[in-house]
Amino acid sequence: MAERVGNVTRARYEQIVAEARELIAQVARAQFSLGDKALEIEPMRPVGGSMPNGSDDLYTVEESLQIFADDIGVARATVEDWRWTANRWPAARRRDGVSFTVHRVLASVTDEAERWAAIEDPPFNQRTGQRRWTPDSAKRLVGQRVERPVTVEEKVQAVTDLVRDDEVAGQVATGLLRRPAVSSQVSPEDKVRVVQELARDDEVAGQVTADLLQRPAVARRVMRDTTTRMAVNRAQFDNSEETREQIRERTPAVRQIEHTIEYLDLVGSCHSYVAALGRLVPRLRGQEFTEDERETVRRGIAKVRAAADWLESAVDHGEFTLDEQLAALLKGE
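Residues numbered from 1 in each chain as written. Predicted model: local features only at pLDDT ≥ 70, side-chain atom pairs only at ≥ 80, totals over all residues. Heavy atoms only, no water.

**Quick notes on helix α3 (residues 76-88)**
Okay, step 1: In a regular helix each residue adds 1.5 Å, so 13 residues correspond to 18 Å; α3 covers 18 Å between its end C-alpha atoms and thus fits that length.
Okay, step 2: Turning to α3, its buried residues number three or more, namely Val79, Trp82, Arg83, Thr85, Ala86 and Arg88.
Okay, step 3: Packing partners of the buried residues in α3 comprise α1 (10-41), α2 (61-72), α4 (100-106) and α5 (112-119). (Helix = DSSP H or I, 4+ residues; strand = E, 2+ residues; numbered from the N terminus. Expected span 1.5 Å × (residues − 1). Buried < 20%, exposed > 50% of the residue type's maximum accessible area, 1.4 Å probe, protein only. Contact = heavy atoms within 4.5 Å.)

Written as structure tokens, this is what we have:
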């Protein structure tokens, strides 16, 4: 054990503590006495308000206690605190050597029998080796936040209270996650949730995704997922289309070139179809078709006819939209 506490010897420190405990006992007696006087002025009742005192004056509980507080020079909240604690601890139940603060904390124990029993059973203090109440030990009993957290749960609660502000929480989280030992304690599921939350912004998500996909092992695993692979392919197509559109805007001649190519493809398709029929139909002479085969060919001819009508309408009237009925016909639905 250290020989000195602060600037005094251990022996002098013990003497100071004994003197301080006597002063605390005097303070507690004074606070309880003040609480009793406030109770005399305004007894606790189930419903607020003041009882008529036989005169024309009638004050509410708050007004009476405010007048009393002003006259003795303290805040009304202090008077209300004394009054409530004194009411919860009748004189016969108050314990010498236990501070008014501890009495006030334990006053929140609802059941009277439990409250009386609690104050008679102070917890063991490992530092002093004695059984004595402290404000924190009383708060632990009633489930209030302690001033000096000891257990993991208490420390977590203390940190949570300190980081209620989002900006503070962000800075704290950033600092903690940079510590490998801390990061290793976080489950994969929680890490995924953190990344998802941080990447809600599309710009941030894009940068994170780009960095991750540059890691070969990550890219291989991601591209095994069909949905992801389709999304990537779609994105590549959209990017290519966007690039082509930019080129068209910068170079008008490109549009004419594309028009020529597409026109030749279209005319070539018609010629190819007619040429194919010219080769195939003569070969069918003498062949017998079943009813199912004839029906299949008829459905094909209907599709060809519908497609040809669509092409003619597009060329003549500029109507290039594929309506639902035509789309269903071409898909064979």
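**Some words on the layout of surface pockets**
Okay, step 1: The calculated volume of the largest pocket comes to roughly 1,500 Å³.
Okay, step 2: What lines the largest pocket is a set of 44 residues, among which Asn125, Arg127, Arg132, Trp133 and Thr134 lie closest to the centre.
Okay, step 3: At 14 residues, α1 tops the list of elements feeding residues into the lining of the largest pocket.
Okay, step 4: When grouped by side-chain class, the residues that make up the lining of the largest pocket number 19 nonpolar, 12 polar and 13 charged. (1 Å grid on protein atoms, 1.4 Å probe; cavity = no way out; pocket = protein on both sides within 12 Å on 5 of 7 lines; lining within 4 Å. Points joined across faces, edges and corners; volume = space filled by probe spheres on them. Nonpolar A, V, L, I, M, F, W, Y, C, P; charged D, E, K, R; others polar.)

**Observations regarding the pattern of salt bridges**
Okay, step 1: Under the defined criterion, the tally for this structure stands at 15 salt bridges.
Okay, step 2: One salt bridge connects Arg95 with Glu120, and the closest N-O pair in it is separated by 2.3 Å. Here Arg95 is found in the loop between α3 and α4, whereas its partner Glu120 is found in the loop between α5 and β3 (124-125), with 25 residues between them in sequence.
Okay, step 3: Glu120 sits in the partly exposed class, given a relative accessible area of 45%.
Okay, step 4: Where Lys139 meets Glu147, a salt bridge forms, and the shortest distance between an N and an O atom there is 3.3 Å. (Salt bridge = Lys/Arg side-chain N within 4 Å of Asp/Glu carboxyl O.)

**Quick notes on the packing of aromatic side chains**
Okay, step 1: Tallied over the full model, the rule gives two aromatic pairs.
Okay, step 2: A ring pair is formed by Phe32 and Phe100, whose centres lie 4.9 Å apart and whose planes are at 70°; its orientation type is edge-to-face. Of the two residues, Phe32 sits in helix α1 while Phe100 sits in helix α4, which places them 68 residues apart along the sequence.
Okay, step 3: Judged by its relative accessible area of 5%, Phe32 is buried.
Okay, step 4: Sitting over the ring of Trp116, Arg115 keeps its end group 5.1 Å from the ring centre. (Phe/Tyr/Trp six-rings, centres within 6.5 Å; stacked < 30°, edge-to-face > 60°. Lys NZ or Arg CZ within 6 Å of the ring centre and 35° of its normal.)

**With respect to the side chain of Arg115**
Okay, step 1: Looking at the element boundaries, Arg115 is found in helix α5.
Okay, step 2: For the buried residue Arg115, which engages in no salt bridge, the nearest side chain bearing the opposite charge is Glu112, 4.8 Å off.
Okay, step 3: Each residue touching Arg115, except ones within four places of it in the same chain, is listed here: Arg88, Trp89, Leu106, Ala107, Val109 and Thr110. (Lys, Arg positive; Asp, Glu negative; His and termini not counted.)

**Quick look at the nonpolar core**
Okay, step 1: Core analysis: the largest hydrophobic core is formed by 22 residues, its most contacted members being Val79, Trp89, Val102, Leu106, Ile119, Trp133 and Ala138.
Okay, step 2: If you list the elements that add at least two residues to this core, you get α1, α2, α3, α4 and α5.
Okay, step 3: Leaving out residues up to four positions away in the same chain, Val102 has contacts with Trp133, Thr134, Pro135 and Ala138. (Core = buried A, V, L, I, M, F, W, Y, C linked by side-chain atoms within 4.5 Å.)

**Quick word on the packing of α1 against α3**
Okay, step 1: Relative orientation of the contacting elements α1 and α3 amounts to 90°, with a least axis distance of 7 Å. The pairing of α1 with α3 is recorded here as roughly perpendicular in orientation. Contact residues: Gln31, Phe32, Leu34, Gly35, Asp36, Ala38 and Leu39 in α1; Val79, Trp82, Arg83, Thr85, Ala86 and Asn87 in α3.
Okay, step 2: Here the contact of α1 with α3 is built from residues that sort into seven nonpolar, four polar and two charged. (Axes fitted to C-alpha atoms, helices over the stretch in contact; angles between N-to-C directions. Parallel < 35°, antiparallel > 145°, perpendicular 65-115°, else oblique.)

**Observations concerning a nonpolar patch on the surface**
Okay, step 1: On the surface, a nonpolar cluster with roughly 560 Å² of combined accessible area is contributed by Tyr273, Val274, Leu277, Val281, Leu284, Phe289 and Val304.
Okay, step 2: At three residues, helix α14 (residues 252-280) tops the list of elements feeding residues into the nonpolar patch.
Okay, step 3: Topologically, Val274 is positioned in helix α14. (Patch = residues over 30% accessible without salt bridge, like charges linked within 9 Å, V, L, I, M, F, W, Y side chains within 5 Å. Areas by Shrake-Rupley, 256 points an atom, 1.4 Å probe, with all protein chains shown as cover.)

**A word on α1**
Okay, step 1: The terminal C-alpha atoms of α1 lie 46 Å apart, and with 32 residues this matches the ideal 46 Å at 1.5 Å per residue to within 8%.
Okay, step 2: Turning to α1, its buried residues number three or more, namely Val17, Ala25, Ala28, Phe32, Gly35, Ala38 and Leu39.
Okay, step 3: Next to the buried residues of α1 lie α2, α3 and α4.

**Digging into the environment of Ile24**
Okay, step 1: Looking at the secondary structure, you find Ile24 in helix α1.
Okay, step 2: Among the residues examined, Ile24 registers a relative accessible area of 43% and is labelled partly exposed.
Okay, step 3: In the structure, Ile24 is positioned 73 residues away from Gly97 in sequence and 8.0 Å away in space, judged by C-alpha atoms.

Geometric values such as these leave the question of function open.
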